[in-house]
Amino acid sequence: KAQDIFGAYKDYIMPTYTRLPLIFVKGKGMKLIDIDGTQYLDFFPGWGVSSLGHCHPDVVSAVRDQIDKLIHLPNNYLSVQQAKLAKEIIFWSFKGKVFFANSGAEANEAAVKLARAYGQGRYEIISFTGSFHGRTLAALTMTGQLKYQEGFKPLPAGFTTVPFNDIAAVEKALTDKTVGIIIELIQGEGGINVAETNFVFALRKLCDEKKILLIVDEVQTGLGRTGKMFAYEHYGITPDIMTLAKALGGGLPIGALVAKREIADTLTAGTHASTFGGSPLVSKAALAVFRAIQKEKLLTNAARMGDYLKEKLSALARKYALIKEIRGIGLMIGIELTIPGTHIIEECIKEGLLINCTHEKVLRLMPALQVTKKQIDKAVKILDMVLGRL
Ligand code: PLP
């Protein structure tokens, strides 16, 4: 049976991903179960999507409840669930309005269009080296890692990339056409690089002075990942525009663009759209995500367990010279190695632990926000064992 699946992938699915030969059929909380019934402890659930763990019961029952009533509704009508979700997002973020899409890249594309509409002739957007904003063309152009752009030129015009955490570089890149600056406050795919507080402050100030939009990409950091609902709260700033996706839908595909009220209204009727955006089904799931975060006090747990995990990993770092640095906020943690991490990932899989490696040498841990000390102890024990064998 597994052979049939491998064969179907080979014959019928485009080879755009480096896939591990694992076929998963079931997920519950922190666990993933493969086709042979083997259980794995998932410390990187859904690349940041399954932040409540797999098949969270509240998301499951919200979807069950909605699916019999109305799955999809086009955006020329009004949906109760979409209205409630927009209100919830604004309650947790800042005074503004929401546009619903289906993915992170799509939310970022919408941010570019909104910025350009707002700019009235100003159109340039500055982004940072090491960033990742998605695979569609404008998002790819803003992504400050050349390897993703190779082979896809010409890229759209009007984008500049400057070094991360370098305010002088931003100032130098400004022109009279600059309309926006997009930033991930913790770069995920780039290797868990945390923006410095002074830099973010200076960025906010610069944007205010020059009437430039500060666009914060919270696709990976949003919905409690860092111990606060949104990563920008750690910095004491408010974005002009924020993009969300991944964890927002509890596993269902959703993207959202949030913009301050005076900016949001520049995208008028007919200027932007997304057929599936904010359907009743995904909106209902996303509402369940917000409820679960509150009900289970997951922001507090993410902050506490993040500290605990970092403490445990720091002890490993003292033991193994090949660990260069432990960094991150809350439950978004990177372990920078002196060697490539692929082999370590494979060895962890053999021991029943799923983690990720990004930027070649950075192991990335982003367990579900409900993670317990016991599960952290188990994961760290496996890592310790694997590192000890190298
Ligand atoms: N922005 C950030 C920060 C991301 O991490 C990602 C995906 O990893 C994206 C945007 C793109 O999201 P999607 O894959 O949903 O298009």
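The structure displayed is predicted, hence computed values, not measured ones.

1. Looking at the site of the ligand
Phase 1 of the analysis: Around the ligand, 13 residues are found, and the nearest of them are Gly 104, Ala 105, Asp 217, Gln 220 and Lys 246.
Phase 2 of the analysis: The separation between an oxygen atom of the ligand and a polar main-chain atom of Gly 104 is 2.8 Å.
Phase 3 of the analysis: Within the contact set of the ligand, an oxygen atom lies 3.0 Å away from a side-chain nitrogen or oxygen of Lys 246.
Phase 4 of the analysis: Look at the ligand: alone it shows 390 Å² of surface, and the protein chains cover 82% of it.
Phase 5 of the analysis: At 3 residues, helix H4 (residues 104-119) tops the list of elements feeding residues into the shell around the ligand.
Phase 6 of the analysis: Taken together, the residues of the shell around the ligand break down into 3 nonpolar, 6 polar and 4 charged.

2. Points about the sheet that holds strand S14 (residues 332-337)
Phase 1 of the analysis: The antiparallel open sheet is built from 4 strands, whose spatial order is S13-S14-S17-S16. Lying at the two open borders of the sheet, with one neighbouring strand each, are strand S13 (323-329) and strand S16 (356-358). With direction set aside, neighbouring strand axes in the sheet form an average angle of 25°.
Phase 2 of the analysis: Where S14 meets strand S17 (residues 362-365), 4 bridges bridge the pair, whose relative direction is antiparallel. Paired with Ile 335 across the bridge in S17 is Leu 363.
Phase 3 of the analysis: Docked against the sheet, helix H11 (residues 298-319) engages S13, S14 and S17, running at close to 175° with respect to S13.

3. Describing unusual backbone geometry
Phase 1 of the analysis: In this model, Lys 153 is joined to Pro 154 through a cis peptide bond whose omega is 5°.
Phase 2 of the analysis: By the secondary structure assignment, Pro 154 is in the loop between helix H6 (146-149) and strand S6 (159-162).
Phase 3 of the analysis: The backbone of Asn 165 shows a phi angle near 65°, a positive value even though the residue is not glycine.
Phase 4 of the analysis: For Asn 165, the location among the structural elements is in the loop between S6 and helix H7 (167-173).
Phase 5 of the analysis: Of note, Glu 360 is a non-glycine position whose phi angle comes to about 70°, a positive value.
Phase 6 of the analysis: With respect to the helices and strands, the residue Glu 360 is situated in the loop between S16 and S17.

4. Focus: the pattern of salt bridges
Phase 1 of the analysis: All chains considered together, the criterion is met by 17 salt bridges.
Phase 2 of the analysis: Measuring nitrogen to oxygen at the nearest pair gives 3.1 Å for the salt bridge that ties Lys 69 to Asp 65.
Phase 3 of the analysis: The partner of Glu 336 in a salt bridge is Arg 327, with the nearest N and O atoms 2.6 Å apart. Of the two residues, Glu 336 and Arg 327, neither departs from the other in class, the shared state being buried.
Phase 4 of the analysis: Via salt bridges that share partners, Arg 204, Asp 208, Asp 240 and Lys 260 belong to a single interconnected network.

5. Side note on a positive patch on the surface
Phase 1 of the analysis: A cluster of basic side chains, namely Lys 26, Lys 28, Lys 31, Lys 374 and Lys 378, defines a positive patch on the protein surface.
Phase 2 of the analysis: Listing elements by their share of the positive patch, those giving two or more residues are strand S1 (24-28) and helix H13 (373-389).
Phase 3 of the analysis: Along the chain, the position of Lys 31 falls in strand S2 (residues 31-34).
Phase 4 of the analysis: According to the relative accessible area criterion, Lys 31 is partly exposed, its value standing at 37%.

6. Observations concerning the side chain of Arg 364
Phase 1 of the analysis: Structurally, Arg 364 is set in strand S17.
Phase 2 of the analysis: There is a polar contact of 2.6 Å between the side chain of Arg 364 and the side chain of Gln 220.
Phase 3 of the analysis: Once residues lying within four places of it in the same chain are set aside, the contact partners of Arg 364 are Phe 43, Phe 44, Trp 47, Gly 188, Glu 189, Ile 192, Gln 220, Ile 333, Ile 355, Asn 356, Cys 357 and Thr 358.

7. Some thoughts on the sheet that holds S6
Phase 1 of the analysis: Read from one edge to the other, the open sheet built from 7 strands follows the order S4-S12-S11-S10-S7-S5-S6, with strand pairing classed as mixed. The open sheet has two free edges, formed respectively by strand S4 (96-101) and S6, since each of these has just one partner strand. Averaged over neighbouring strand pairs, the angle between their axes works out to 20° when direction is ignored.
Phase 2 of the analysis: Bridge analysis of S4 against strand S12 (residues 255-260) gives 6 bridges, and the strand direction is antiparallel. Among the inter-strand pairings, Gly 96 is bridged to a residue of S12, identified as Lys 260.
Phase 3 of the analysis: Packed on one face of the sheet, helix H3 (residues 80-92) meets S4, strand S11 (241-244) and S12 and runs near 125° to S4.

8. Here's the deal with the nonpolar core
Phase 1 of the analysis: Ile 183, Leu 223 and Leu 313 are the most contacted members of the largest nonpolar core, which has 101 residues in total.
Phase 2 of the analysis: With 10 residues, helix H10 (residues 280-295) is the single largest residue contributor to this core.
Phase 3 of the analysis: Residue contacts for Leu 223: discarding those within four places in its chain leaves Met 229, Phe 230, Leu 244, Ala 247, Leu 248, Val 289, Phe 290, Ile 293 and Leu 369.
Phase 4 of the analysis: Ala 101, Leu 114, Val 179 and Ile 182 belong to the second largest nonpolar core, which has 20 residues in total.

9. Regarding a nonpolar patch on the surface
Phase 1 of the analysis: Together, Ile 5, Tyr 9, Tyr 12 and Ile 13 line one region of the surface with nonpolar side chains, adding up to about 420 Å² of accessible area.
Phase 2 of the analysis: The partly exposed category is assigned to Ile 13, whose relative accessible area is 36%.

10. Regarding H13
Phase 1 of the analysis: In a regular helix each residue adds 1.5 Å, so 17 residues correspond to 24 Å; H13 covers 24 Å between its end C-alpha atoms and thus fits that length.
Phase 2 of the analysis: Turning to H13, its buried residues are Ile 376, Ala 379, Val 380, Ile 382, Leu 383, Val 386 and Leu 387. In a view along the axis of H13, the buried residues occupy a sector of 155°, so they form one face of it. H13 presents Lys 374, Lys 378 and Lys 381 as exposed residues on the side facing more than 90 degrees away from its buried surface.

Reading the values: rules and limits
- Residues numbered from 1 in each chain as written.
- Predicted model: local features only at pLDDT ≥ 70, side-chain atom pairs only at ≥ 80, totals over all residues.
- Heavy atoms only, no water.
- Near = heavy atom within 4 Å.
- Polar contact = N/O pair within 3.5 Å; in protein donor to acceptor, adjacent residues only side chain to side chain.
- Areas by Shrake-Rupley, 256 points an atom, 1.4 Å probe, with all protein chains shown as cover.
- Helix = DSSP H or I, 4+ residues; strand = E, 2+ residues; numbered from the N terminus.
- Nonpolar A, V, L, I, M, F, W, Y, C, P; charged D, E, K, R; others polar.
- Pairing = 2+ DSSP bridges.
- Axes fitted to C-alpha atoms, helices over the stretch in contact; angles between N-to-C directions.
- Contact = heavy atoms within 4.5 Å.
- Salt bridge = Lys/Arg side-chain N within 4 Å of Asp/Glu carboxyl O.
- Buried < 20%, exposed > 50% of the residue type's maximum accessible area, 1.4 Å probe, protein only.
- Patch = residues over 30% accessible without salt bridge, like charges linked within 9 Å, V, L, I, M, F, W, Y side chains within 5 Å.
- Lys, Arg positive; Asp, Glu negative; His and termini not counted.
- Charge placed at Lys NZ, Arg CZ, Asp CG, Glu CD.
- Core = buried A, V, L, I, M, F, W, Y, C linked by side-chain atoms within 4.5 Å.
- Expected span 1.5 Å × (residues − 1).
- Arc of directions from axis to C-beta.

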